[in-house]
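Below, each chain spelled out in residue letters.
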Amino acid sequence: MAAPKVAVVGAGVIGLSTALCIAETCPSCSVTVLSDQFSPNTTSDVAAGMLIPHTYPGTPIHVQKQWFKETFTYLFAISNSAEASEAGIHLVSGWQVFKNTPKEELPFWSDVVLGFRPMSEAELQKFPQHRFGQAFTTLKCDCPPYLLWLEKRLKATGVQMYTRKVADLWELHSEYNVVVNCAGIGAHQLVGDEKLFPVRGQVLKVHAPWVKNFIRDGGGLTYIYPGIHRVTLGGTREKESWSLTPDPGTTKDIFDRCCSLEPSLRGAQDVKVKVGLRPSRRSVRLQREVLSRGGVKFPVVHNYGHGAGGFSVHRGTAKEAARLVGECIATLQGSSSRAKL
Amino acid sequence: MRVAVIGAGVIGLSTALCIHEQYHSLVPSLEMELAGHSSMGLAEPPLSCFHCRLWNKETFDYLLGHLGSPAATEMGLFLISGYNLFTQPVPDPSWKNIVLGFRTLTPKELELFPGYSYGWFNTALMLECRSYLPWLTNRLTQRGVKFFHTKVESFQEMFAQGVDVVINCTGVRAGELQPDPELQPGRGQIIKVLAPWVKHFVITHDIKSGIYNSPYVIPGSELTVLGGIYQHGNWNEENSARDHKTIWENCCRLLPALQKAKIVEEWSGLRPARPWVRLERETLRHGHFQAEVIHNYGHGGFGITIHWGCAMAAARLFGSILQEKKLASSPQPRL
């Protein structure tokens, strides 16, 4: 096979980072990104992009930790380079506060982030309703900048990107050798995955440039994440809600919850409301599959279902997906050379 | 009782406010005026000064108390975390328990700063003077304190007008009112850039070059300040191209992410440097006038850091003047 043709469906953080990993590991591959949405209209664009992992109940912890570590290391290097501002990657310090002491005092990722430690009594005084807390420094990927930077890197390696709504993966089998399914919540319809469900998140993006530290209520429902230009205030976790329309009552509720954590937010300006549907699943679907119709086989690599943790593990899962694509290509090359015998 | 505060920088304004808040109700005849015509804002303490630790703590605690109030943003007050970097291990600073969350840096954090092998992390307060000074001015104006934009030529001039107590907060030019060879300008230059992706302060220390002469990066609410110049005895307030180059190159080397930052402003200022802060009373006699001066100047590069503690100390000195004049009979209440 001269130049294996790989299609990546989806242009959120998973699709773009997976396409980039494939281009990096398989220079002879011709990679094309197909998506009905590109930045700033993807689910990723709504997310704050904080590197604080979500725990998938169905994936072994050591695997999740490996994904997170790879992602953190990759972004850490960018954050300390001249590209940081263009890529939208920056370090941010802050606190995770709990009203009740959590069962698990040390999350699995505590030694991957920087400077993780319990909060002091003096620090906790700023949060009178909370009794316990953890302080650490982590990374944030601001979107759209990060997605635009990925798109720029992809174009530089010769990857083509097209706006196209793919209704069925099979429709790509005559143009491409391998398809990578990074459709996120779109996989529900695209491949009929009943195990994939939306968890609706509404957020506010406000102008409050004096907020330099993040604050997250340990439950994960209320958070304040300062980005380059805006602070993301969140949020909600509404299982099985498919509505992309902002709800005004929810907006007020989010704002009030965040102001009780950080009173100075009352002075925040220019509130923008956004909604995203987290593509949630018990485990990330990261596996090969072979579609077969009438004797014709079409290899697929799935990389979707990252739910609330997409940014935190994106590079790790992209690398694994690229590795699986490599396996698919090797299998195709093996069978095509057997066919010649 | 007429009180004149000379100097409208952070020291003058805060001292005026502190005294007025404490004594106005006790001394109905108190009339205060302020003369003066102007700093950075990171409340990171200086390394050595006898009373400074107390003044620093008092200032930090006072500001921390305001953090949750609606006034905080108007005052230009917010929390910010960051790094102090060294080329060799150093003992913990005396202020480690004043700031929040003080700890030493982990090896992974030090990877961010090649050339530095040791450091501290802590959360401190930022007080931006471009907001704080107007806020102080508003509070004073609301209290009826009058402002005069005149240059005071001598203490005698004030006394001749009937002022009973002068509070001398004239900073680097205090020598013009009364010679003080200990007071010298500590010239600094800074570059202000647009780099909102930088969320931490980074302050480097080089024992050889001395404090403030080693690069530092301090994010404000809108612009980020790059600095690292300290020239003792240099009165020149013009920006120097050579200093610009030093600051820019050193800060970009320290934080490569700054390379794409847009330069917005450049500024030079004179830190009112003195081996220790002059915070004391002086009784001046002129003919048959006897009047009191409270000196509060010489805060070097850490005026904001200790300003409120100093203001309270100046207020205590004022209280003792009132007691001597039998104008306040009971011990002064503390805020």
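Residues numbered from 1 in each chain as written. Chains lettered and ligands numbered in written order. Predicted model: local features only at pLDDT ≥ 70, side-chain atom pairs only at ≥ 80, totals over all residues. Heavy atoms only, no water.

### Notes on the UniProt feature "binding site: FAD" (unreviewed entry) in chain B
All names here are of chain B.
Phase 1 of the analysis: As recorded in UniProt, the sites labelled "binding site: FAD" (unreviewed entry) are Val152, Thr170, Gly300, Gly301, Phe302, Gly303, Ile304 and Thr305. Maximum C-alpha separation among the annotated residues is 26.8 Å over a sequence range of 154 residues, too wide for a single clustered spot.
Phase 2 of the analysis: In contact with Gly300, not counting residues within four places along its chain, are Arg271, Pro272 and Ala273.
Phase 3 of the analysis: In this structure, Gly303 sits in helix 8 (residues 303-324). (UniProt positions renumbered as here; feature names shortened; annotations may be inferred. Contact = heavy atoms within 4.5 Å. Helix = DSSP H or I, 4+ residues; strand = E, 2+ residues; numbered from the N terminus.)

### A look at helix 1 (residues 10-23) of chain B
Given 3.6 residues to a turn, an α-helix orients residues that are three or four positions apart in the same direction.
Phase 1 of the analysis: Counted at 1.5 Å a residue, the expected span for helix 1 of chain B with its 14 residues is 20 Å, and the 20 Å between its end C-alpha atoms agrees.
Phase 2 of the analysis: Burial analysis of helix 1 of chain B places 14 of its 14 residues in the buried class, the great majority of the element. (Expected span 1.5 Å × (residues − 1). Buried < 20%, exposed > 50% of the residue type's maximum accessible area, 1.4 Å probe, protein only.)

### With respect to helix 6 (residues 145-156) of chain A
Residues and elements named next belong to chain A.
Phase 1 of the analysis: Compared with the 16 Å implied by 1.5 Å per residue over twelve residues, the 16 Å span of helix 6 between its first and last C-alpha is a close match.
Phase 2 of the analysis: Tyr146, Leu147, Trp149, Leu150, Glu151 and Leu154 are the residues of helix 6 that are buried.
Phase 3 of the analysis: At the C-terminal side of helix 6, Gly158 shows a positive phi close to 90°.

### Describing the domain arrangement of chain B
Reports often express the size of an interface as the amount of accessible area lost when the parts come together.
All names here are of chain B.
Phase 1 of the analysis: Taken domain by domain, chain B consists of domain 1 (1-76 + 129-182 + 275-334) and domain 2 (89-127 + 184-273).
Phase 2 of the analysis: Computed over C-alpha atoms only, the centres of domain 1 and domain 2 are separated by 28 Å.
Phase 3 of the analysis: Facing the 32 residues of domain 1 at the interface are 28 residues of domain 2.
Phase 4 of the analysis: Both faces combined, the contact of domain 1 with domain 2 buries some 2800 Å², and carbon together with sulfur accounts for 68% of it.
Phase 5 of the analysis: Our count for the contact surface shared by domain 1 and domain 2 stands at one salt bridge.
Phase 6 of the analysis: Looking at the side of domain 1 that touches domain 2, the element that brings in the most residues is helix 2 (residues 52-66), giving six residues.
Phase 7 of the analysis: Classifying every residue of the side of domain 1 that touches domain 2 gives 17 nonpolar, nine polar and six charged. (Domains from an automatic or database assignment. Buried area = accessible area lost by both parts, 1.4 Å probe. Salt bridge = Lys/Arg side-chain N within 4 Å of Asp/Glu carboxyl O. Nonpolar A, V, L, I, M, F, W, Y, C, P; charged D, E, K, R; others polar.)

### With respect to the interface of chain A and chain B
Phase 1 of the analysis: Tallying the contact residues gives 36 residues for chain A and 30 residues for chain B.
Phase 2 of the analysis: Summed over both sides, the interface of chain A with chain B buries roughly 2800 Å², with 61% coming from carbon and sulfur.
Phase 3 of the analysis: By the criterion of area lost to chain B, the three top residues of chain A are Asn80, Trp210 and Lys212 of chain A, representing 23% of everything that side buries.
Phase 4 of the analysis: In this structure, the connection of chain A to chain B is made through one salt bridge.
Phase 5 of the analysis: One salt bridge connects Lys260 of chain B with Glu86 of chain A, and the closest N-O pair in it is separated by 4.0 Å.
Phase 6 of the analysis: Where chain A packs against chain B, one counts seven residue pairs in polar contact (both at pLDDT 80 or more).
Phase 7 of the analysis: Put simply, the parts of the chain that give the side of chain A that touches chain B at least two residues each are helix 3 (61-79), helix 4 (84-87), strand 3 (89-98), strand 4 (114-118) and helix 5 (121-124) of chain A. (Polar contact = N/O pair within 3.5 Å; in protein donor to acceptor, adjacent residues only side chain to side chain.)

### Description of the sheet that holds strand 6 (residues 146-148) of chain B
Two pairing modes exist for strands in a sheet, parallel and antiparallel, and in both the strands are linked by backbone hydrogen bonds.
All names here are of chain B.
Phase 1 of the analysis: Across the sheet, which stays open at both edges, the six strands sit in the order 6-2-1-7-15-14 with mixed pairing between neighbours. Edge positions in the sheet fall to strand 6 and strand 14 (278-286), since each has one partner strand and no second. The sheet shows a mean angle of 20° between the axes of neighbouring strands, direction not considered.
Phase 2 of the analysis: Summarising the sheet, strand 1 (residues 2-6) and strand 2 (residues 31-35) pair through five bridges and their orientation is parallel. In the strand pairing of strand 2, Val5 is matched with Leu34. (Pairing = 2+ DSSP bridges. Axes fitted to C-alpha atoms, helices over the stretch in contact; angles between N-to-C directions.)

### A look at the sheet that holds strand 14 (residues 285-293) of chain A
All names here are of chain A.
Phase 1 of the analysis: Strand order in the open sheet made by the six strands is 6-2-1-7-15-14, with mixed pairing throughout. Only two strands of the sheet have a single neighbouring strand rather than two, namely strand 6 (160-163) and strand 14. Strand after strand, the sheet turns through a mean of 20° between neighbouring axes, direction not considered.
Phase 2 of the analysis: Relative to strand 15 (residues 296-304), strand 7 (residues 178-181) is paired through three bridges, and the arrangement is parallel. In the sheet register, Asn181 faces strand 15, and the bridge partner there is His302.

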